[in-house]
Each structure stands twice: as C-alpha cells, then as structure tokens.
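Residue strings, one per chain:
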Amino acid sequence: MSPLHAGAILAATTSAERAELVLFIILAPLAVVTALGMVLNRHAVYSALLLVINFFCLAAFYVFLQAQFLAAVQVIVYAGAIMVLFLFVLMLLGISREDMLHETIRGQRPAAAVLVALLLAGTIWALFTHPFSGVGADLNAVAGNDNVRAIGRLLFTRYVFAFEATGLLLVVAAVGALVLGKRAGRPLPRGSAAQREEQVP
Amino acid sequence: MRVEPSWYLVLSALLFTIGVAGVLIRRNAIVLFMCVELMLNSVNLSFIAFSKLNGDLNGQILSFFVMVVAAAEVVVGLGILVAIFRKRSSTSVDDVNLLKG
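Residues numbered from 1 in each chain as written. Chains lettered and ligands numbered in written order. Predicted model: local features only at pLDDT ≥ 70, side-chain atom pairs only at ≥ 80, totals over all residues. Heavy atoms only, no water.

### Quick look at the overall build of chain A
Looking only at helices and strands, one finds nine helices and zero strands in chain A. Of the regular secondary structure in chain A, the N- to C-terminal order runs α-α-α-α-α-α-α-α-α. Within chain A, the fraction of its 201 residues that count as buried is 31%. A sequence separation of at least 24 residues applies to 48% of the contacts in chain A between residues at least 6 apart. Total accessible area on chain A stands at roughly 12,300 Å², and carbon and sulfur atoms take up 71% of it. (Helix = DSSP H or I, 4+ residues; strand = E, 2+ residues; numbered from the N terminus. Buried < 20%, exposed > 50% of the residue type's maximum accessible area, 1.4 Å probe, protein only. Contact = heavy atoms within 4.5 Å. Areas by Shrake-Rupley, 256 points an atom, 1.4 Å probe, with all protein chains shown as cover.)

In structure tokens:
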C-alpha cells in the first residue's frame, strides 16, 4: 500500500470510517478491474463470474451508503437469480468460440475508443465542475434505524402504484419468456387455443 | 479523511463507461447483456450515493425499481436470445441481420 493511502487511513477518525476507507480502497479497484475483465475476457463464462464479483463489490458499497436492504437485494436478485439465469443460458447455448479477434465493421474499435473517452471525460468533467462535497446525511437516522421498514413504508404508500405496475411487468415478462422459449415445431396439444389459432389461415 | 459519496459517483461513472465500451466492442449478445447489467448497476450506485448525499430514501426506492425492471429485461432478453439461437445457431449480433438493407 502506498504511503499516501496509509496516511489517509491514519487520519481517519472513528474505526467505522477507517474500515470503510480501507474497504473502499480495496473494493473500488476490484470493482473496476472485474468490470474491465468482464468486457475484455474472451470466454463468456469467465465474464459472467467476474460480473458476479463486481456485483458483490457493489453490494458492499450499498452497505457503506446505508442502503442495507438494497445490498441484500443486490446479492439475492443480481448475484443469485440474474447471474444464474445468464450462466444457465450460456450452458444451454454452448460456449461460443469467441469473436474478439477480428472487427467486422471497419474502424469500429477506434471509433468506440474515441466515444468512450468522450463519455468518460464528460461525466468526470460534470462531476468536478459541480462537486458534491460532504459526507451526506445519516440515512440510518432518517430511516429510524430500520432501513427495511422505511423502504417498505414508502413502497406501500407513496409508490404503491409503481409497485403494482412492476408486479404486472414481471408477470408479462414471465409469460413473454415462456412464449419465446416454446419450441415452434412440436405438435400442440389437441384442442388448445394455440392449435386452433394455427389452423385459422 | 473519510469516504465521501462523491467518490462513489466517480466510481459509478467509471463502471458505466466500461459498460458502454463493452456494448460498443463486443459481439456476443450474452456479453452485451452483461454489459447492460453493469451499466444499470452503476446507475444504481449513483442513485444510492445521491440518496445518501441528500438524506432522502427515495433514491433507494428508485434503485429498487431499476433492479426489478432489469430482472424483467434479462428474462425477456435471454428468451429472445434462445429463440434466435434456435434459428441461427449463433449468439453473435453480426448474424442477426434480417432487417439489413
């Protein structure tokens, strides 16, 4: 660890802040490295596993930012459900022989590099011209030391319509995935609605 | 010296940019989806950092909804991918060119 980092740690006041600083110094580069590895890795399975590590880092950041419920949701939904879905589809479709070697559109990668550099410069410039200083408020105090209860209260009062709408969205997504995943060639059960529909034309 | 929410904003910008780079240079549709997930997650990190900065829980709620929509998007997207794979035996986006003029 560099002297700069060591000095910064000694200057931190409470033990909790010191722990957060140390963990941030470890986890933030880890998050960036795993994200880069995800993009640059030629094997899609390694990409997925690196992305899982990235999601765990983000869950730790959510805890530091006093979003304990979302940290749990991040691990359960993203690292648990979504990445399992990704790996399942990867295994189902077979590991494709990778594509990174040749570029199919001429000049695509230089153009991508320029655009990405512009985007990064723009966002960093925006962050440094309008600096958000300070450590913010104590969200635990705002939530009455119970993050889950506070979020649940907001979800079922102010955002209840959005909550119901996302429920509907999830149902539609599940039905859509079933329809997309159904094999077209297989004979349908006799008398089913889909079979009658097929006989119409 | 202690960690400020603005550090998380810079980290979020970095992760988002990496996700955009992945979408621009990769050709495997599954990896493209992973890059989109990375971008959604980096924006979630921003929302939560702003939530802490402003002392307002609404940012966390919004982040929660982003997660739900991301889950739905992945389910439908991977379903489409499986359907395309049945037709074309490939997950490369270059092979999906039916609408190409």
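### Considerations on helix 1 (residues 5–25) of chain B
Working note: α-helix, 3.6 residues per turn, so residues spaced by three or four point in the same direction. Across its 21 residues, helix 1 of chain B extends 31 Å between first and last C-alpha, which sits within 8% of the 30 Å expected from 1.5 Å per residue. Of all 21 residues in helix 1 of chain B, 15 are buried, a share of seventy percent or more. (Expected span 1.5 Å × (residues − 1).)

### Notes on the packing of helix 7 (residues 147–157) of chain A against helix 3 (residues 58–88) of chain B
At a closest axis distance of 10 Å, the pairing of helix 7 of chain A and helix 3 of chain B adopts a crossing angle of 75 degrees. Taken together, helix 7 of chain A and helix 3 of chain B sit at an angle that is classed as roughly perpendicular. In this structure, helix 7 of chain A uses Asn147, Ile151, Leu154 and Leu155 of chain A to contact helix 3 of chain B, whose residues at the interface are Asn58, Gln60, Ile61, Phe64 and Phe65 of chain B. Looking at the contact of helix 7 of chain A with helix 3 of chain B, its residues break down into six nonpolar, three polar and no charged. (Axes fitted to C-alpha atoms, helices over the stretch in contact; angles between N-to-C directions. Parallel < 35°, antiparallel > 145°, perpendicular 65-115°, else oblique. Nonpolar A, V, L, I, M, F, W, Y, C, P; charged D, E, K, R; others polar.)

### Remarks on the packing of aromatic side chains
For the structure shown, the criterion picks out ten aromatic pairs over all chains. Judged by centre distance (4.8 Å) and plane angle (55 degrees), the rings of phenylalanine 55 of chain A and tyrosine 78 of chain A are tilted. In this pair, phenylalanine 55 of chain A is assigned in helix 3 (residues 44–64) and tyrosine 78 of chain A in helix 4 (residues 68–93), connecting sequence segments 23 residues apart. The buried category is assigned to tyrosine 78 of chain A, whose relative accessible area is 0%. Ring pairs connect the aromatic residues Phe24, Phe61 and Phe64 of chain A together with Trp7 and Tyr8 of chain B, which therefore count as one cluster. (Phe/Tyr/Trp six-rings, centres within 6.5 Å; stacked < 30°, edge-to-face > 60°.)

### Regarding a nonpolar patch on the surface
Residues Val114, Leu115 and Leu118 of chain A make up a contiguous nonpolar surface patch of roughly 300 Å² in combined accessible area. Relative to the helices and strands, leucine 118 of chain A is located in helix 5 (residues 108–129). (Patch = residues over 30% accessible without salt bridge, like charges linked within 9 Å, V, L, I, M, F, W, Y side chains within 5 Å. Salt bridge = Lys/Arg side-chain N within 4 Å of Asp/Glu carboxyl O.)

### What to know about the interface of chain B and chain A
Every contact between the two is made by 69 residues of chain B and, on the other side, 86 residues of chain A. A buried area of about 7,200 Å², summed over both sides, lies between chain B and chain A, and 76% of it is on carbon and sulfur atoms. Viewed at the interface, chain A and chain B are joined by 13 residue pairs in polar contact (both at pLDDT 80 or more). Sorting the residues of the side of chain B that touches chain A by element identifies helix 1, helix 2 (29–54) and helix 3 of chain B as the ones contributing at least two each. Top contributing element to the side of chain B that touches chain A by residue count: helix 3 of chain B, with 22 residues. Class assignment for the residues of the side of chain B that touches chain A results in 47 nonpolar, 13 polar and nine charged. (Buried area = accessible area lost by both parts, 1.4 Å probe. Polar contact = N/O pair within 3.5 Å; in protein donor to acceptor, adjacent residues only side chain to side chain.)

### Points about the state of the cysteines
Within the structure shown, the criterion is met by zero disulfides over all chains. For cysteine 57 of chain A, which is in no disulfide, the shortest distance to another cysteine sulfur is to cysteine 35 of chain B and amounts to 17 Å. In this structure cysteine 57 of chain A comes out as buried when scored by relative accessible area, which is 3%. (Disulfide = S-S within 2.5 Å.)

### What to know about the side chain of serine 51 of chain B
With respect to the helices and strands, serine 51 of chain B occurs in helix 2. For serine 51 of chain B, a relative accessible area of 3% translates into the label buried. Leaving out residues up to four positions away in the same chain, serine 51 of chain B has contacts with Leu139 of chain A together with Asp56, Leu57, Gly59 and Gln60 of chain B.

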